[in-house]
Every structure is written in structure tokens, then in C-alpha cells.
2 protein chains.
Amino acid sequence: MAEPRIAEHAVDGLFIGRTSPRSFTGEAIPDEVLFSMFEAARWAPSASNIQPWRLIYAKAGTPEWGPLFECLMPGNQIWVAKASALVAFVAETHRRQGETRTENRTHALDTGAAWMSLALQAEMLGWATHGMAGFFHDKAREALRLPADFDVYMFAAVGKRGPAAALPPELAAREVPSVRRSMAETVFSGHFPVVG
Amino acid sequence: MAEPRIAEHAVDGLFIGRTSPRSFTGEAIPDEVLFSMFEAARWAPSASNIQPWRLIYAKAGTPEWGPLFECLMPGNQIWVAKASALVAFVAETHRRQGETRTENRTHALDTGAAWMSLALQAEMLGWATHGMAGFFHDKAREALRLPADFDVYMFAAVGKRGPAAALPPELAAREVPSVRRSMAETVFSGHFPVVG
């Protein structure tokens, strides 16, 4: 058995109850549910309200699904095959103003805020998400037809949670809530602890 | 008057109702409230559950406040002076395994997920947050005593929302909910729209 999730301080169940399953039922996702998730992502905050994120999606069983699915590493394809949708999180890395091209230092951080909003809105609607860094980067750039100054950081699988027993044994064993580093190792007062 | 926030699809009020005020009341924040926000951040998802984020905080009126406050650009100091706490979002950029040092491609994105969780938990508790990219990077590295392979991406002010009228006129005028790019310009099916 895995360790249970234990909060050190009061926290809304939305945050500690959210997990990233690999077992999905494969049921079709209605557009209105998927777009509610996108809507939550759209309202995330970003530096100077630049909104560097773009979301590129494909629903299972549509012509768009294959090209996105093929970007995933085989170990993820095994279980993503029963997800209902895939969403790629893409960010505009630089800003151009006239002749000047400058990096937006928070482009990935802001995109993470959009991703978290999507994941929490999914949870509220009874759907689950699972983010993945395990994809082929160059293949994804090409499949998603990314313009210059955009980069792709993650894919998320979206679906209805299925039983662990539906997974191959080695994946079923991982279908338990992950734990976290302690608060004392994560949050510091004033400055980083002075090591040693 | 600014344009109102209008959702294109159903979305929970938590997401569209959250704004980033500049007017704060300056009231003291109880530790249990601040640590509920940190707890939400702690449970954010991350690639391989690495949890690259670290949060470094200072409450107003404590010895820790000054060094963090001094990292902010003057335009932010004007209004952050009445916030209740500052939180710096720091990320571990690389992973070392034996002799090998590799970049964690999602270190900033994952840290953004932790930031969004903190902001939403704050909102649930009746507190507000305002993220800032406007700080002196080298000064912050030093004040926060960042080790190698860590970088600082943003500061957030945390406080109780105050009246717009308490701000200088030019800031009071900005105390309105920001709008967003349209869904059609943000979310794409299958691939980036082909331009031209």
C-alpha cells in the first residue's frame, strides 16, 4: 500500500483530492465539458496579462486524435489510449515589439497556471486529467504546427476515471495517490535554508 | 469603464471571479491562513512528482519582509506596501543524478501549477493574491540565497482586498477585472491555425 495523502494544514479537498489517474473509461467527452475546462484555463493570471498559453486539443475517435497521440512516448500511449481527449499546452516564449524580440520569463510558469485551472475545473466536473512530459518534442512541434517563438511543454490526458484493475498490473500498482515533500522542505521563511 | 469579464462557456466562479488587486487593507494574515495556501500549492501535480517549486515568504511587519520587499520594482512597491505577505516562487531548474545534470523542462510550468493552487485557495478563504514579474532578478537571487540550479520566477503579494479609492488615482483606475483573448484565439483543434 502507498502512504496516504496527509495535509499538514487545512486545505480544500479540491487540491488534495485531485489525482492523476492512468485508468480511464474511454467514454466520449461532451464539448461543453471540455470547453468549460478550457474556459477555466483562459482566466488564469499571467504577467502583464500576456496569456502566453495556447491549448491544442483532440478528442478520441476524431481525425485529430492520431497525430497528437503519436507524439506521446509508448509508455504513455498504453494508458492514454482510453482517455477521452488530449490537450497540448503550448506557450509563446518571446515577445516582439517592433524590432525588439525579448523572452517572456514567465511564459512557462503562466502556462502552468492555465494547466492547473484546467485540471481543477475538470475535477469539479467529475473528470480527471493526467499531465505528461513524456512526449517526443520535435514530433510534437511538427504535429502541432508550432510557429516560431512557441514551445510545447506538456500534454494532458482528460477522461473519466476507470478502475485500477483495468490497467496492466505494473500500471495498476501505480494507481494510488502520490505523496509530497514535507512543508518544511518546501516553504521557507525569508530565504533558502543555509546548507551545511 | 473596463469591459466586463464574460465567459464563453460555463465555468466555475472561482476561476472567472479571481482577480489580482493592487489595493490591500494591510491587515495581518494569520499563519493558519497563509499555510493553507502553501498546503494547496504543495499538492500541485508535477512531472514525475519532482515538485520543483520552493516558496519563500515574508509577512509584513517582520524582519523578513524588508529584504523581499526591496527586490520589487518601485512601481510594485507602491501598492505592495499594504499587502500582508510576500511569497517568492522559486524552481529547481535542473536535476542531478550521479554525474549527470539535466534540465527539468517543466520546472517553471510545474511551479505555475503550484502558484495557481495557492491563488485559488487564497480566493476560497477570502484573501487575494497578485503575481508580479516586476522584480530585480539578481537582487532576488541574493536576498533569497538561492543555491545553484534554482531560479526565481515571480513574487506574489497576498492580502485582504481594499477599496480602489485607497490607491493613487493612476493605480485606482487599473483596479478593474482584466479581460482575456477570445477562446477562438486561445484553443485550437488538432494544430495551430495556419497563418497566411
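Note that the coordinates shown come from a computational prediction; the quantities given were computed from them, not determined experimentally. (Residues numbered from 1 in each chain as written. Chains lettered and ligands numbered in written order. Predicted model: local features only at pLDDT ≥ 70, side-chain atom pairs only at ≥ 80, totals over all residues.)

**With respect to the relation of the copies chain B and chain A**
- For the pair chain B and chain A, the best superposition has an RMSD of 0.0 Å and corresponds to a rotation of 180 degrees with a translation of 0.0 Å parallel to the axis. On the angle and the small slide along the axis, the relation comes out as a two-fold axis.
- Interface overlap between copies: 100% of the residues of chain B at the interface are likewise at the interface in chain A, consistent with a symmetric, same-surface contact. (Least-squares fit on C-alpha atoms with pLDDT ≥ 70 in both. Contact = placed C-beta atoms within 7 Å.)

**Focus on the environment of Phe89(A)**
All names here are of chain A.
- Looking at the secondary structure, you find phenylalanine 89 in strand β2 (residues 85-92).
- In this structure phenylalanine 89 comes out as buried when scored by C-beta crowding, with 24 C-beta atoms within 10 Å.
- Sequence-wise, phenylalanine 89 and alanine 47 are 42 residues apart; in three dimensions their C-alpha atoms are separated by 17 Å.
- Excluding residues that lie within four positions of it along the chain, phenylalanine 89 makes contacts with Trp53, Leu55, Thr111, Trp115, Tyr153, Met154 and Ala156. (Helix = DSSP H or I, 4+ residues; strand = E, 2+ residues; numbered from the N terminus. Buried ≥ 20, exposed ≤ 12 C-beta atoms within 10 Å, placed from the backbone.)

**Structural notes on helix α5 (residues 107-124) of chain A**
All names here are of chain A.
- Between its terminal C-alpha atoms α5 stretches 26 Å, which fits the 26 Å expected from 18 residues at 1.5 Å a residue.
- Most of α5 sits out of view: 16 of its 18 residues are buried.
- Taken from the residues just after α5, glycine 126 is the one with a positive phi, measuring 85 degrees. (Expected span 1.5 Å × (residues − 1).)

**Points about the interface of chain B and chain A**
- Between chain B and chain A, the residue contacts involve 66 residues of the former and 66 residues of the latter.
- Taken together, the elements giving at least two residues each to the side of chain B that touches chain A come down to α1 (13-17), α2 (31-42), β1 (53-59), α5 (107-124), β6 (150-159) and β7 (187-189) of chain B.
- For the side of chain B that touches chain A, the leading source of residues is α5(B), giving 13 residues.
- Two strands pair when backbone bridges link them, and strand β1 (residues 53-59) of chain A and β7(B) are joined in this way by 3 bridges, in the parallel orientation. Across the sheet, the residue bridging to Tyr57(A) is Ser189(B), located in β7(B). (Pairing = 2+ DSSP bridges.)

**Things to note about the sheet that holds β6(B)**
- Taken in spatial order, the 5 strands of this open sheet run β7(A)-β1(B)-β2(B)-β6(B)-β5(B), and their pairing is mixed. Where the open sheet ends on each side, the last strands, each with one partner, are β7 (187-189) of chain A together with β5 (128-132) of chain B. Sheet twist, expressed as the average angle between the axes of neighbouring strands with direction ignored, equals 25 degrees.
- Of the pairings in the sheet, the one linking β1(B) to strand β2 (residues 85-92) of chain B comprises 7 bridges and is antiparallel in character. If you follow Tyr57(B) over to β2(B), its bridge partner there is Val87(B).
- Packing of α2(B) onto the sheet brings it into contact with β7 of chain A together with β1, β2 and β6 of chain B, and relative to β1(B) it is tilted by some 170 degrees.
- Contacting β1, β2, β5 and β6 of chain B, α5(B) runs over the sheet at an angle of about 155 degrees to β2(B). (Axes fitted to C-alpha atoms, helices over the stretch in contact; angles between N-to-C directions.)

**Comments concerning the packing of α2(B) against α5(B)**
All names here are of chain B.
- Where α2 contacts α5, the two axes come as close as 7 Å, and the packing angle between them is 140 degrees. Handedness of the α2/α5 crossing: right-handed. On the side of α2, the interface is formed by Ser36, Met37, Phe38, Ala40 and Ala41, while α5 contributes Ala114, Ser117, Leu118, Leu120, Gln121 and Ala122.
- For the contact of α2 with α5, the per-class residue count stands at 8 nonpolar, 3 polar and no charged. (Left-handed = near helix turned anticlockwise from the far one by under 90°. Nonpolar A, V, L, I, M, F, W, Y, C, P; charged D, E, K, R; others polar.)

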